[in-house]
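Chain by chain, the residues:
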Amino acid sequence: MKPGPRNLITDVPGLRVGNTEDHQIKTGTTVLLGEAPMTAAVHVMGGAPGTRETELLAPDKLVQQVEAICLSGGSAFGLDAAGGVMEALREMGRGFEVAGLRVPIVPGAIIFDLANGGDKAWKTSPYFALGKAAVAAAREDFAIGTAGAGTGATTKNWKGGLGSASLVLSNGITVGALVVVNPLGSVTVEGGPHFWAAPFEQAGEFGGKGVATRYGDEEPRPGKQQGEATTIAIIATDANLTKGQCQRLATAAHDGMARAIVPSHTPFDGDLVFAVSTGAKPLPDPIADPFTLGHAAATVLARAIARAVYEAAPAPGDRQPCYRSHHG
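Residues numbered from 1 in each chain as written. Predicted model: local features only at pLDDT ≥ 70, side-chain atom pairs only at ≥ 80, totals over all residues. Heavy atoms only, no water.

- Going by the annotation in an unreviewed UniProt entry, the name recorded for the protein is Peptidase S58 family protein, with Falsigemmobacter intermedius given as the source organism.

1. Topic: the nonpolar core
Then step 1. Counting 41 residues, the largest nonpolar core has Val 187, Phe 195, Ile 235, Val 273, Leu 293, Leu 301 and Ile 305 as its most contacted members.
Then step 2. For this core, the secondary-structure elements that each account for two or more residues are β8 (161-168), β9 (174-182), β10 (230-239), α3 (243-260), β11 (272-281) and α4 (288-310).
Then step 3. Ranked by residues supplied to this core, first place goes to α4 with 12 residues.
Then step 4. Setting aside chain neighbours within four positions, we find Ile 235 in contact with Val 175, Gly 176, Ala 177, Leu 249, Ala 253, Val 273, Phe 274, Ala 275, Val 276, Ala 297, Val 300 and Leu 301.
Then step 5. With 31 residues, the next largest nonpolar core counts Val 63, Ile 111, Phe 142 and Ala 153 among its residues. (Core = buried A, V, L, I, M, F, W, Y, C linked by side-chain atoms within 4.5 Å. Buried < 20%, exposed > 50% of the residue type's maximum accessible area, 1.4 Å probe, protein only. Helix = DSSP H or I, 4+ residues; strand = E, 2+ residues; numbered from the N terminus. Contact = heavy atoms within 4.5 Å.)

2. Comments concerning the pairing of β11
Then step 1. In terms of strand pairing, strand β2 (residues 27-44) meets β11 through six bridges, oriented antiparallel. Of the residues in β11, the one forming a bridge with Val 42 is Phe 274.
Then step 2. Sheet topology places β10 next to β11; seven bridges connect them, and they run parallel. The residue bridging Thr 237 from the neighbouring strand is Ser 277, located in β11.
Then step 3. Note that the unit made of β10, α3 and β11 has a crossover that is right-handed. (Pairing = 2+ DSSP bridges. Right-handed = clockwise from strand over helix to strand, strands pointing away.)

3. Points about the packing of α3 against α4
Packed helix pairs are specified by the crossing angle of their axes together with the interaxial distance, meaning the distance between the axes.
Then step 1. Put simply, α3 and α4 touch, their axes get as near as 7 Å, and they point 40° apart. The angle between the axes of α3 and α4 places the two elements in the oblique class. Considering how the two elements wind past one another, α3 and α4 form a crossing that is right-handed. Seen from α3, the contacting residues are Leu 249, Ala 252, Ala 253, Asp 255, Gly 256, Met 257, Arg 259 and Ala 260; seen from α4, they are Leu 293, Gly 294, Ala 297, Ala 298, Thr 299, Leu 301, Ala 302 and Ile 305.
Then step 2. In terms of residue class, the contact of α3 with α4 is built from 11 nonpolar, three polar and two charged. (Axes fitted to C-alpha atoms, helices over the stretch in contact; angles between N-to-C directions. Parallel < 35°, antiparallel > 145°, perpendicular 65-115°, else oblique. Left-handed = near helix turned anticlockwise from the far one by under 90°. Nonpolar A, V, L, I, M, F, W, Y, C, P; charged D, E, K, R; others polar.)

4. Comments concerning α3
Then step 1. The terminal C-alpha atoms of α3 lie 26 Å apart, and with 18 residues this matches the ideal 26 Å at 1.5 Å per residue to within 8%.
Then step 2. Turning to α3, its buried residues number three or more, namely Lys 243, Cys 246, Leu 249, Ala 250, Ala 252, Ala 253, His 254, Gly 256, Met 257 and Ala 260.
Then step 3. Buried residues in α3 make contact with β2, β10, β11 and α4. (Expected span 1.5 Å × (residues − 1).)

5. Overview of the packing of aromatic side chains
Then step 1. Under the criterion given, the structure shown has six aromatic pairs.
Then step 2. Seen in terms of ring centroids, Trp 158 and Tyr 323 are 5.7 Å apart; in terms of plane orientation they differ by 80°. Their pairing is edge-to-face. With a gap of 165 residues between them, Trp 158 in the loop between α2 (127-136) and β8 and Tyr 323 in helix α5 (residues 323-327) connect regions that are remote in the sequence.
Then step 3. The buried category is assigned to Trp 158, whose relative accessible area is 5%.
Then step 4. A connected cluster of aromatic rings, assembled from ring pairs, spans Trp 158, Phe 195, Phe 206, Tyr 310 and Tyr 323.
Then step 5. Sitting over the ring of Tyr 310, Arg 324 keeps its end group 4.3 Å from the ring centre. (Phe/Tyr/Trp six-rings, centres within 6.5 Å; stacked < 30°, edge-to-face > 60°. Lys NZ or Arg CZ within 6 Å of the ring centre and 35° of its normal.)

6. Description of the packing of helix α1 (residues 80-91) against α2
Then step 1. The N-to-C vectors of α1 and α2 enclose an angle of 45°; their axes lie 6 Å apart at closest approach. As the angle between them shows, α1 and α2 are arranged oblique. Crossing angle aside, the handedness with which α1 passes α2 is right-handed. Residue-level inspection shows Asp 80, Ala 81, Gly 83, Gly 84, Val 85, Glu 87, Ala 88, Leu 89 and Glu 91 of α1 in contact with α2, the latter providing Tyr 127, Phe 128, Gly 131, Lys 132 and Val 135.
Then step 2. Partitioning the contact of α1 with α2 into residue classes produces seven nonpolar, three polar and four charged.

7. Some words on the pattern of salt bridges
Then step 1. Scanning the entire structure with this criterion turns up 13 salt bridges.
Then step 2. In this structure, Arg 102 and Glu 97 form a salt bridge, with 3.7 Å as the shortest nitrogen-oxygen distance.
Then step 3. Judged by relative accessible area, Arg 102 falls into the partly exposed class, the value being 42%.
Then step 4. Among the charged side chains, a salt-bridge network with shared partners connects Arg 6, Asp 11, Glu 140 and Asp 141. (Salt bridge = Lys/Arg side-chain N within 4 Å of Asp/Glu carboxyl O.)

Written out as structure tokens, the structure reads:
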């Protein structure tokens, strides 16, 4: 398994990502947009999620496909961003047809970034406008680190951010990850230079520091207050999957979150993973390939999480240091 040419989720053909930010507020929104509707599912493992339209992603629900998925800062305020995405897609004539109208289906999830040093004294919530602008900004090449929904993200030790990575399997199927890293836990071993995800690193993509030689016996304690953390992710593939298979892919991807963030899936994090399929390629082996896809999803998500923190950039008013300011 090797990264695709961009090492981004957009190595899955037909996908684009749009980022918008407000650096004064220290927040932003990210949208994953398909050229055509995508089969989608979600799996939630954290104890404090903030979501929109996730119930309809269950395999037994009527709607089978979505137009986009929206990730945003802003805590519950940020759920408005998906409305802005819907408005932009409606203007494009996209959406689920009902009663002669088009209703874009846009599931979403949010992180808490209200205590990161940004100016939160807005008179009108900025998130609807951020969501709409994110659609207009959608492209195959996009920034990671301090960008989009990761603009105001934090971790236990370091500034968080937006991450992405990809893998191309030997059968030609591509798997990509997009993640906003804002956890209660740490992505590095005891706050040092070594990422927990180091065993899965490709070509020095997050510094090439290698694995820690000692893991110590640190007893983890919360680095934030209750309700201030979450990591939200999207796994995408061009393999032709059903909603049930997408849900299994999302479930397997959580292993990658646990490999890259310690601890993860806490009662105070809203950790969740969406999974989407463009359906472009049939599974060559319907028995063995889902097994491989699950492993790939976990691996690519672990790498994307480390890349988010590695690529974070300093900004005025930050309350946390950037990883590369200390470890190059």
